[in-house]
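Below, each chain spelled out in residue letters.
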Amino acid sequence: MPRSSPPPDSREPHRPSPLRHTLLEDAQAFVLGTLLCALGVQFLTAAGLVTGQTAGAAVLLSYVGGWSFGTWFFLLNLPFYVLGWLRLGPRFVVKTVIAVTMLSLLSQVLPQFVVFETLNPWAASALSGAVIGMGLIVIFRHGASLGGIGILALWVQERFGIQAGWVQLGFDAILFLVAFAVLDPWLVAASLLGAVAVNLIIAVNHRRDRYVGR
């Protein structure tokens, strides 16, 4: 007698269905996630460090290009919205635009309230990696990103199953090669600690079989 196939839920009980968050849940997540990321950027810029992804490019340009991190971060994200709209949908892009705008604004305001009298570069790098990684997880789990390479990385994860953290790590490698040519190599070396921490946190915790939100 042929065996009947088990229902879909019993075949993959470990894979939850996507969660539909309420507006209030999204709002609190965006505030928390972008605030954590803005604090991480504050650690970085106060110590003269860099990080990876689009935020890292914005930090690097803020050191050499005259404009603030928030301005560069907002501008660098604009081209990636097209990819997000075509590949990940308008809902994702709208949420991402909101998150990017919030981080751009918070990164301008936070330095007026948070000032470090003493900040060791290695400690700053580790702390920035921890809070940025946690902030990104919160934002990712609510169906958004902080744009740029994050959009590309999430699309690659959805399309090919390659975890977003590893995609971003490849981009970071190129970014840090450029940073070594522009900044003090010792500070760039310290920055690597934070960049690795961010990507490891994302790679370990942002998994489709554990939590999926929209």
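Right above here is the structure, for reference.
K.L.:
Just checking my understanding: could you explain the environment of G194 for this structure?
P.N.:
Tracing the backbone through its elements, the reader meets G194 in helix α10 (residues 185-205). By relative accessible area, which is 3% here, G194 ends up buried. With 67 residues separating them in the primary sequence, G194 and L127 have C-alpha atoms 7.3 Å apart. Sequence-distant contacts of G194, defined by excluding residues within four places in its chain, comprise S125, S128 and G129.

K.L.:
Just checking my understanding: could you explain helix α8 (residues 149-160) for this structure?
P.N.:
Because an α-helix completes one turn every 3.6 residues, residues spaced three or four positions apart along the sequence face the same direction. Look at α8: 16 Å from first C-alpha to last across twelve residues, which is about the 16 Å you get at 1.5 Å a residue. Every buried residue of α8 is accounted for by I149, G150, I151, A153, L154, W155, V156 and Q157. Two residues or fewer after α8 comes G161, characterised by a positive phi angle close to 80 degrees.

K.L.:
Teacher, can you tell me more about the pattern of salt bridges here?
P.N.:
Across all of its chains, the model carries one salt bridge by this definition. The salt bridge involving K95 is made with D26; its shortest N-O contact spans 3.0 Å. Taken together, the residues span a long stretch of sequence, with K95 in helix α6 (residues 90-109) and D26 in helix α2 (residues 23-47) at a distance of 69 residues. Side by side, K95 and D26 carry an identical accessibility label, which is buried.

Rules used throughout
- Residues numbered from 1 in each chain as written.
- Predicted model: local features only at pLDDT ≥ 70, side-chain atom pairs only at ≥ 80, totals over all residues.
- Heavy atoms only, no water.
- Helix = DSSP H or I, 4+ residues; strand = E, 2+ residues; numbered from the N terminus.
- Buried < 20%, exposed > 50% of the residue type's maximum accessible area, 1.4 Å probe, protein only.
- Contact = heavy atoms within 4.5 Å.
- Expected span 1.5 Å × (residues − 1).
- Salt bridge = Lys/Arg side-chain N within 4 Å of Asp/Glu carboxyl O.

Bear in mind that shape data such as this cannot, by itself, settle questions of function.
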